[in-house]
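What follows is each chain in one-letter form.
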Amino acid sequence: SRPWQGKSAIHELIAFLTAFEHELADLSKAAWRATMNIGIIKGGQAVNQVADTAEAWADIRFTTAAEKQAITRLLLQTLRRHKTIQAEVVIEADEFRGGTKDPLVSRFFRVVKEVTGRDKLRRHKSCGGSDARYFARAGLPTVVTTPLGGGHHSEGEWLDRRQFAQFGHILERYVREFPSGHAGNSLL
């Protein structure tokens, strides 16, 4: 009945998240930089009670190992200033950088060129995550690729039909040409 006498866990959590988000944005002004999305916030028991607990789940993404270290330092500094807040890493994964030197990867690119008729293939950065990082960490040659498309994870998601059909041919041909005896060193 006296909210002015309580200290809301929700307000404290929001203050922490806001401070951390501002400091994270100041870490880099580059277009390709660390980001944070607060996807879930929960707290309190009733509208007429001061919340004694609050929780948030955030997805923090980084572009390099050095940036990850800077974010960790920033998070610890922000936690020290907001003493009632605790943080826990639920899942963590390193960034993935694909290489083209492995013969199995080179063979895949050769098949792509032959099926599509394109001489030059574009490499680009992707702001999404994939399981490729786990395969690469295990030393397996890894490629992340997709046909032309857009609107990822939305109602308007789309793929180019011609490239989608070519993609099927690329995968089929690559698997058929895959050398025997490479079961332990596979892209699949």
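Residues numbered from 1 in each chain as written. Predicted model: local features only at pLDDT ≥ 70, side-chain atom pairs only at ≥ 80, totals over all residues. Heavy atoms only, no water.

A.B. asks: Tell me about the packing of aromatic side chains, and name the residues and values.
C.D. replies: In this description, a pair of aromatic rings is defined by centroid distance and the angle of the planes. For the coordinates displayed, the defined rule picks out 3 aromatic pairs. A ring pair is formed by Phe 16 and Phe 20, whose centres lie 6.3 Å apart and whose planes are at 10°; its orientation type is stacked. Placement of the pair is Phe 16 and Phe 20 together in helix 1 (residues 9-27), with a separation of 4 residues, close to one helical turn. Note on Phe 20: relative accessible area 1%, which makes it buried. Here the aromatic rings of Phe 108 and Phe 109 are separated by 6.1 Å at their centres, their planes lie at 65°, and the arrangement is edge-to-face. (Phe/Tyr/Trp six-rings, centres within 6.5 Å; stacked < 30°, edge-to-face > 60°. Helix = DSSP H or I, 4+ residues; strand = E, 2+ residues; numbered from the N terminus. Buried < 20%, exposed > 50% of the residue type's maximum accessible area, 1.4 Å probe, protein only.)

A.B. asks: Please give an account of helix 3 (residues 103-116) that cites residues and values.
C.D. replies: Between its first and last C-alpha, helix 3 extends 20 Å over 14 residues, near the 20 Å set by a 1.5 Å rise per residue. For helix 3, the full list of buried residues reads Leu 104, Val 105, Phe 108, Val 111, Val 112 and Thr 116. Down the axis of helix 3, the sector holding all buried residues measures 115°, keeping them to one side. Against helix 5 (161-177) lie the buried residues of helix 3. Between the side-chain oxygen of the N-cap and the backbone nitrogen of Leu 104 there are 2.7 Å, and the N-cap of helix 3 in question is Asp 102. Positive backbone phi, at 75°, marks Gly 117, one or two positions downstream of helix 3. (Expected span 1.5 Å × (residues − 1). Arc of directions from axis to C-beta. Contact = heavy atoms within 4.5 Å. Polar contact = N/O pair within 3.5 Å; in protein donor to acceptor, adjacent residues only side chain to side chain.)

A.B. asks: Which residues make up a nonpolar patch on the surface, and what are the values?
C.D. replies: Residues Ile 40, Trp 57, Val 90, Ile 91 and Tyr 134 make up a contiguous nonpolar surface patch of roughly 520 Å² in combined accessible area. Inspection of the secondary structure assignment puts Ile 91 in the loop between helix 2 (65-81) and helix 3. (Patch = residues over 30% accessible without salt bridge, like charges linked within 9 Å, V, L, I, M, F, W, Y side chains within 5 Å. Areas by Shrake-Rupley, 256 points an atom, 1.4 Å probe, with all protein chains shown as cover. Salt bridge = Lys/Arg side-chain N within 4 Å of Asp/Glu carboxyl O.)

A.B. asks: Lay out the pattern of salt bridges in plain terms, naming residues and giving numbers.
C.D. replies: Side-chain pairs of opposite charge can arise whenever the charged atoms involved come near each other. Counting across every chain of the model gives 9 salt bridges. For Glu 12, the salt bridge is made with Lys 7, and the minimal N-O distance between the two is 3.9 Å. We classify Lys 7 as exposed; its relative accessible area is 65%. The partner of Arg 110 in a salt bridge is Glu 114, and the shortest N-O contact between them spans 3.1 Å. Linking Arg 110 with Glu 114, this pair stays in helix 3, spanning 4 residues, or about one helical turn. Among the charged side chains, a network of salt bridges with common partners joins Arg 110, Glu 114, Arg 173 and Glu 177.

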